[in-house]
Amino acid sequence: MLNLEYFQSLFGQESTEIRCRQVLDEISPAINRLFEGFIEQTGISLGNEYYIRNYDMTLSTTYHDSRNPTNAEKKKNSDIGKKYFVGLYRKVDEKEHNIFTLELNGFSELLLIHTDINLLPFWAWVKNESINTVLESIPSPYEIFTGWKEKDIIPKDELVSFVKGCVKSRKRPWFQVGRSLPLEAQIDEDTLVKHLFEVWENLSLFRTYLNDEINTSKKANEALGILASARSIKETELMGREYNLEITSLEDYKSNGKRQAFHLYDSDQLLTKGFLYYFEHHEKFSPFQTIMIQIEGHNHIFTNVREILGQGTKQWWITKSFTTHNLDNHKVMSEAMGLLNGHGIEAKGNEYRVGSFDNESRLFIEGNDQVKKNFIDAALLFAHASRKLELPSEEESGSMEDIDKDTEPEISEDLEPNFRIEEIFQSILDSQFTFSKGIIRDLHLNLTALDDKHFVLLSGISGTGKTQLCRLYANAVYGLEYESENPYFTIIPVRPDWTDASALFGYYSSFEKRYVKTEFLEVILNALKEREKPHFILLDEMNLARVEYYLSDYLSAVESRKEIPLHQDNLITDIPKKLLIPPNVYLLGTINVDETTHTISDKVLDRAFVMTLSDVDFETFWDKSEQEIKVLLEREFFLLKKLHNILLQFDLHFGYRTMNEMLQKLHANLQFPDEFQMDSLEALDRVISEKVLTKIRGDERVSDMLRKIEEWLKENLSSSSISLQHVERMQKELEYYGATQFWR
């Protein structure tokens, strides 16, 4: 008999140490032996692909931690030890998939025998309309559970709506498909094995569908990898002009994909930059392996890779749609498809073909590089046709009309806000920028702690990513990538001549008999129309003018909840006479402190949360840098980091922007032919004198810093370096005049 009495008194025991010991000593050995014997009888060969995993390691670690007096009190009420599982897993492309599990769940007092899967297979079955067939493979006595602790049962007829709700809200629960038994004090081992075989047999068809989904995902990911690895495309011809094309190395992007940047050059002038995304699944729009191409912040191609899987040769036809607001979409489509045909990409109606995939050889018949080039060319031509990008041509030139966002059919849904901190944090963490968990958490609290007032100021040294953080956060709330255009995030640069509220709210022109609107006012009016959507406004470098002058009306209106008077003309209908600031307006401001800016008055500071972004994490920054830069410039980076540490002692250090721009120049130097390249140390000397030393100024308080910089330069650069000459000159000026600066 298998003794399970421990679970009867589970919640009466507070100590994690006791719970873990009881599971490890009394339950784990018997359960593991029983399960291993069952797997052996099924005939499954354990090895690299199939293996058994249990909860022992986590329990052992927790057990030892709880014996440490430092952790004992914190671990006392932990949930660890209140359930136990052992399962059969399949490993495919370094990903682990559960095939079969025996779970003892003390929370729900159930013994469960099931297959544990995440949302993606169910989402895929809903998307490809095979969900009913899959659900029919689950016998009627069996159920679909969800929840890590307490188990909730999802009726089969409610599963589709449940899955769609999870997709829309970006929740990613796990599901257990199988049956449950009461977690009784004792159970006969032979009876339990009999139950295991019964569930194993009855879920065999369901496992077939699951394995088919796993195998299809594997093949689709391989196809993604084939396209991602193609990098030998160097040029293209569009609209009768030749361009240079540069594709960067592949980089990890979030936890579900990779991406590559591509740059289009007209001679040596950058015309535009785009991104190719290779998603194992798109978090919001598709459970399938997907290619997405983005140019100028707009998505122009979004296609499911599984379209080319199957038997023999498959033609890759992609459906395109345009949903612009200010253009005739029928004409845009006609122009776009005509452009594709004129550039050797077959198109008809609203479809176009990028290539042919041979499922036997797992290669593209036209060549992997050619198919990838077709993707990039098509995206550029779509951007041109929809007036997102003007490609010069021999026949035409002129201005292009600004229009709204163009999206594919699968991504045309309205944006839905989501303020869950865990998802916002993960989105920012997965970006190419470097921000600590503490900074992200602090910004989130500062913006959301007050229900009706959202005002945050970000100060700190230049180049620490204040503006990028604001954009990242606003886009993360709407589930958008950093580069994506967010209609609910507006950056407004502050001008030094702003002296009153008209800079933000506009004014009535008695001469023109109309109200002159501003971008800030437009956002407020839109926020009043869409109260359910948070609208983010960033006032960039807001202390270039006196903040209390131009922002006083806004601050007073938010504090008092009173309306701001705008005009008294009854003939003006598009602008209200008085304006209320709704609670869905989130105001952010960046502040730099130097001789060109003004101090912030107490009136403003009392109404804002003020964050300081002066700390930089160059270790994480380096980890996220492009692989090619890390290979070529490792020595230079660590030298610059040492110089940064010297400056840090005197609060005159530099930020991410400065480091990135120095590394970019050093990398560009290495791309020159040998006869034009600077020596690596000479190039390093140049960037230090041009990007670091230029900000040095002060009195005798910078004396020690200059001395330490001098020592560092002599140790790491030549005695004739330009940077050393500047430092020695500044030291002499300091000694003679009592003050110094880089500029002469």
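Residues numbered from 1 in each chain as written. Predicted model: local features only at pLDDT ≥ 70, side-chain atom pairs only at ≥ 80, totals over all residues. Heavy atoms only, no water.

1. A short note on the packing of aromatic side chains
Heads up, the rule is: Put simply, two rings from Phe, Tyr or Trp (the six-membered ring, in Trp's case) pair if the centres are within 6.5 Å, and we call them stacked under 30 degrees between planes, edge-to-face over 60, tilted for the rest. Numbered from the N terminus, helices here are DSSP runs of H or I no shorter than four residues, and strands are runs of E no shorter than two. With a 1.4 Å probe rolled over the protein chains alone, any residue whose accessible area is under 20% of its type maximum counts as buried; one over 50% counts as exposed, and the rest are partly exposed. A ring is considered to have a charge above it if a Lys NZ or an Arg CZ atom is located within 6 Å of its centre and within 35 degrees of its normal.
This structure, assessed with the given rule, holds 41 aromatic pairs. Ring geometry for Phe107 versus Trp148: centroids 6.0 Å apart, planes at 55°, classification tilted. With a gap of 41 residues between them, Phe107 in the loop between strand 4 (95-105) and strand 5 (110-118) and Trp148 in the loop between strand 6 (143-146) and strand 7 (152-153) connect regions that are remote in the sequence. Ring centres of Phe621 and Tyr656 lie 6.0 Å apart, and the angle between their planes is 25°; on these two criteria the pair is classed as stacked. One end of the pair, Phe621, is in helix 19 (residues 618-623); the other, Tyr656, is in helix 22 (residues 656-670), and 35 residues separate them in sequence. On the basis of relative accessible area, Phe621 is assigned to the buried category, the value being 10%. Aromatic ring contacts, followed pair by pair, group Phe618, Phe621, Trp622, Phe637, Phe638, Phe654 and Tyr656 into a single cluster. For the cation-ring pair, Lys320 lies above Phe322, with the distance from its terminal atom to the ring centre recorded as 4.7 Å.

2. Comments concerning helix 9 (residues 329-342)
Each α-helix winds once per 3.6 residues, and so residues spaced three or four apart point in a common direction. We count it as follows: Here the expected length of a helix is defined as 1.5 Å per residue gap, with one fewer gap than residues. A contact between two residues is defined here by any heavy atoms of the two lying within 4.5 Å. By the criterion applied in these results, polar contacts are pairs of N or O atoms within 3.5 Å in which, for protein atoms, one can donate a hydrogen and the other can accept it, and in which residues neighboring in sequence qualify only through two side-chain atoms.
In a regular helix each residue adds 1.5 Å, so 14 residues correspond to 20 Å; helix 9 covers 20 Å between its end C-alpha atoms and thus fits that length. The inward-facing, buried residues of helix 9 contact strand 18 (347-348), strand 19 (351-358) and helix 10 (368-385). The opening residue of helix 9, the one whose side-chain oxygen lies 2.9 Å from the backbone nitrogen of His330, is Asp328.

3. Thoughts on the packing of helix 24 (residues 703-716) against helix 25 (residues 722-737)
What counts is decided by this rule: Between N-to-C directions, angles span 0 to 180 degrees; the directions come from axes that are lines fitted to C-alpha atoms, helices contributing only their stretch in contact. Any angle that falls under 35 degrees is termed roughly parallel, while one over 145 is termed roughly antiparallel, one within 65 to 115 roughly perpendicular, and all others oblique. The sense of a crossing depends on the near helix, which, turned anticlockwise from the far helix by less than a right angle, makes the crossing left-handed and, turned clockwise, makes it right-handed. Note that Gly is not counted as nonpolar here; it falls among the polar residues with everything else outside the nonpolar set of Ala, Val, Leu, Ile, Met, Phe, Trp, Tyr, Cys and Pro and the charged set of Asp, Glu, Lys and Arg.
Interaxial distance between helix 24 and helix 25 falls to 10 Å at its minimum, and their mutual angle equals 155°. In this view, helix 24 runs roughly antiparallel relative to helix 25, as classed from their interaxial angle. Pair helix 24 / helix 25 crosses with left-handed handedness. Counted together, Ser703, Leu706, Arg707, Ile709, Glu710, Leu713 and Lys714 of helix 24 and Ser723, Leu724, Val727, Glu728, Met730, Gln731 and Leu734 of helix 25 form the full contact between these two elements. Residue classes in the contact of helix 24 with helix 25 are distributed as seven nonpolar, three polar and four charged.

4. Structural notes on the nonpolar core
Quick note on the threshold: In these notes, a set of buried Ala, Val, Leu, Ile, Met, Phe, Trp, Tyr and Cys residues joined through side-chain atoms within 4.5 Å is what counts as a nonpolar core.
Counting residues in each nonpolar core, the largest one holds 59 residues, and the members touching the most others are Phe100, Leu102, Leu111, Phe122 and Leu159. Ranked by the residues each element gives to this core, the list is headed by helix 1 (residues 16-42), at 10 residues. Of all hydrophobic cores here, the second largest spans 50 residues; its members include Leu276, Leu309, Val332 and Met337.

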